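Reading the structure
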Amino acid sequence: MSIGQEDNDKENKIMADLIDGKAFAAKIRAEVKEDSDKLISQKQVDPCLAVVLVGENPASKVYVGQKTKMAAECNIKTKDFKLEASTDQETLLKLIDELNNDSSVHGILVQLPLPKQIDERKVIDAIVVEKDVDGFHAINAGRLSIGGDMLKKAFIPCTPLGSLLLLKDHVEDLKGKSAVVIGRSNIVGKPMSQLLIEESCTVTVVHSKTKDIEKVCSQADIIVAAIGRAEMIDSKWLKDGAVVIDVGINRISITKEDGSEGSKIVGDVDFESASEKASKITPVPGGVGPMTIACLLRNTVTSAYRHAGLDDPRSI
Ligand code: NDP
C-alpha cells in the first residue's frame, strides 16, 4: 500500500471532531491580556506571577520557560527564582514567606515535582491562599469540594479548569451527563471530578484498583483520562459518541523513518483508535496542555483583580 493510500485510509477512519485546545487556549490568553491591560490602565496595577523552580528537572524547565514567555505575551510580569536541587525546605519556605509578603506579587507558582528532601504539601500550604494560583492549597481544595459560592472564592487547579472549559465549549449541556474520570490525583483527577459534579454530571472516578474499569468507562458520555499510561484507552473503552478529554502527557520511544531512535509525546488515549468511536476528542499535543498554561495566567490576573478589591474579570 502506498503512503498516500495509507494516509487516506487513516483520514477515512477518523470520525471524531477535534477539540482544538491550542486555538481555544489562544482565545483565553487574548482575554487574559485584555483583562490585564484594563487593570494596568485603570488601577495602575501590574499583574505579577512569581515562578519558583527547584533543581534541574528538564520537563519542569521547559514548562517554566513556556509559562514565563506566555505571561509576558499577556502583559503579566514574572519574577523567576531558580534554586539549586540541594535547596533545603527551610530556605524554600523562607522564600515563600517573602513572596507572601511582597505586595507586588499576585500569584506564586512552585513548579512540581520538588526534590525528595522537601515536603511538597508543607510548601504548597505555606503559600498564602490568596496567591495560590495553582489551586493546590488545602483551603482552595476545600472550597472546590464545597462548591457553590465557595467556588467563587477559590482558585481552581489549572489542568482541570482547562479541561472543563474545553468541555463546556464542546458539549451543549453537561447536566445529567455521565462522566468517568480516570485517575484520582490531587492535581487532576479529584478536582476534575468535583468540577464535573458542580456541573451536575453523574461522576464516577476510577483508578488502578477499579474492577471492570473498561466496562465502567464504556458507559460514559464523557471520559477524562488522567492516568500517565501511554495510549492505554482505545475504542473498546468507549461508548459510541463519547467525548474524550486526554490529559495524559507521556514520552515514548520511536524509530524514525531513517531508522534512528527518537521519542514523541502521546496521551493516555490511543487517538487513532478512540477517534473511531468518540464524537469529540482532544489531541496530544495541542489539547489540554496549552489550556493548563492559559488557565494559570487567567488565575493570576483574577488574583490581581481580587487584590485590587475588584470582582473577578471572568467566571467559569
Ligand atoms: P498521578 O500519577 O498522580 O495519578 C495517576 C492516576 O492514574 C492515579 O490515580 C492512578 O491510580 C491512576 N492509574 C495509574 N495506572 C492506572 C491503570 N492502569 N488503570 C487505572 N488507573 C490507573 O498522575 P497525574 O494526575 O499527576 O497526571 C496524570 C497524567 O496527566 C500524566 O500523564 C501527566 O503527565 C498528565 N498531566 C498533564 C497535564 C497537562 O497540562 N496536560 C498537567 C498534569 C498532569 P492509583 O491512585 O490507584 O495509583
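What you are looking at is a predicted structure, and each value in this text was computed from that prediction instead of being measured. (Residues numbered from 1 in each chain as written. Predicted model: local features only at pLDDT ≥ 70, side-chain atom pairs only at ≥ 80, totals over all residues. Heavy atoms only, no water.)

In this section: the overall build of the protein. Looking only at helices and strands, one finds 12 helices and 11 strands in the protein. The C-alpha atoms of the protein give a radius of gyration of 20 Å, which matches the 20 Å a tight globule of 316 residues would have. A principal-axis box enclosing the C-alpha atoms of the protein has dimensions of 65 × 50 × 40 Å. Going through the 316 residues of the protein one by one, you find that 46% of them count as buried. Counting only contacts in the protein whose residues sit at least 6 apart along the sequence, the fraction spanning at least 24 positions is 69%. Accessible surface for the protein amounts to roughly 15600 Å². Of this, 50% is attributable to carbon and sulfur atoms. In the protein, the 41 positive side-chain charges and the 48 negative ones have mean positions that sit 3 Å from each other. (Helix = DSSP H or I, 4+ residues; strand = E, 2+ residues; numbered from the N terminus. Rg over C-alpha atoms; globule rule 2.2 N^0.38 Å. Buried < 20%, exposed > 50% of the residue type's maximum accessible area, 1.4 Å probe, protein only. Contact = heavy atoms within 4.5 Å. Areas by Shrake-Rupley, 256 points an atom, 1.4 Å probe, with all protein chains shown as cover. Lys, Arg positive; Asp, Glu negative; His and termini not counted. Charge placed at Lys NZ, Arg CZ, Asp CG, Glu CD.)

Here we come to the domain arrangement of the protein. Where interface size is given, it is often the accessible area lost as the parts come together that is meant. Domains assigned within the protein are domain 1 (42-138) and domain 2 (157-289). Between domain 1 and domain 2 lies a buried interface of about 360 Å² when both sides are counted; carbon and sulfur atoms form 66% of it. It is Y63, D134 and F136 in domain 1 that bury the most area against domain 2; as a group they hold 67% of the surface buried on that side. On inspection of domain 1 and its partner domain 2, the count reaches 0 salt bridges. The interface formed by domain 1 and domain 2 includes 0 residue pairs in polar contact (both at pLDDT 80 or more). Each residue belonging to the side of domain 1 that touches domain 2 can be placed in one class, and the counts come to 3 nonpolar, 1 polar and 1 charged. (Domains from an automatic or database assignment. Buried area = accessible area lost by both parts, 1.4 Å probe. Salt bridge = Lys/Arg side-chain N within 4 Å of Asp/Glu carboxyl O. Polar contact = N/O pair within 3.5 Å; in protein donor to acceptor, adjacent residues only side chain to side chain. Nonpolar A, V, L, I, M, F, W, Y, C, P; charged D, E, K, R; others polar.)

Tracing the chain through its elements places S235 in the loop between β7 (222-225) and β8 (243-246). Leaving out residues up to four positions away in the same chain, S235 has contacts with S273, A274 and K277.

Glancing now at the pattern of salt bridges. Under the criterion given, the structure shown has 15 salt bridges. The salt bridge partner of K94 is E98, with a shortest N-O separation of 3.5 Å. Here K94 pairs with E98, and both are found in helix α4 (residues 89-100), just 4 residues apart, close to one helical turn. Look at E98 and you get partly exposed, because its relative accessible area is 44%. In this structure, the salt-bridge partner of R121 is D125, at a minimum N-O distance of 2.9 Å. Taken together, the residues R121 and D125, both in helix α5 (residues 120-126) and 4 residues apart, mark about one turn of the helix. With relative accessibility at 35%, the residue R121 sits in the partly exposed group. Overall, D125 belongs to the partly exposed group, its relative accessible area being 30%. Several salt bridges converge on common partners, so that one network encompasses E34, D35 and R314.

If you look at the biggest cluster of nonpolar residues, it comprises 52 residues, and the most contacted ones within it are I76, L167, L196, V224, I245 and L297. Top contributing element to this core by residue count: helix α12 (residues 288-307), with 10 residues. Those residues within four positions of L297 in sequence are excluded, and the remaining contacts are R29, V32, K67, M70, A71, C74 and I76. (Core = buried A, V, L, I, M, F, W, Y, C linked by side-chain atoms within 4.5 Å.)

Right, let's talk about the pairing of strand β3 (residues 77-83) for a bit. Note: strand β2 (residues 48-54) against β3, 7 bridges, orientation parallel. By the bridge assignment for β3, V51 is matched with D80. As a crossover connection, the stretch from β2 through helix α3 (residues 58-73) into β3 is right-handed. (Pairing = 2+ DSSP bridges. Right-handed = clockwise from strand over helix to strand, strands pointing away.)

It is worth spelling out the sheet that holds strand β4 (residues 107-110) at this point. In space, the 3 strands of this open sheet follow the order β3-β2-β4, with parallel pairing throughout. The open sheet is flanked by β3 and β4, the only strands paired with a single partner. Strand-to-strand twist of the sheet, defined as the mean angle between neighbouring strand axes without regard to direction, takes the value 15°. Along the sheet face, α3 touches β2, β3 and β4 and points at about 165° away from the line of β2. (Axes fitted to C-alpha atoms, helices over the stretch in contact; angles between N-to-C directions.)

Turning our attention to the site of the ligand. The environment of the ligand is formed by 21 residues, the closest being R184, S185, S208, I249 and T292. Contact between the ligand and V247: a nitrogen atom at 3.3 Å from a main-chain N or O atom of the residue. I249 has a polar backbone atom sitting 3.1 Å from an oxygen atom of the ligand. Notes on the ligand: free accessible area 920 Å², of which the protein chains cover 71%. With 3 residues, α12 is the largest single contributor of residues to the shell around the ligand. (Near = heavy atom within 4 Å.)

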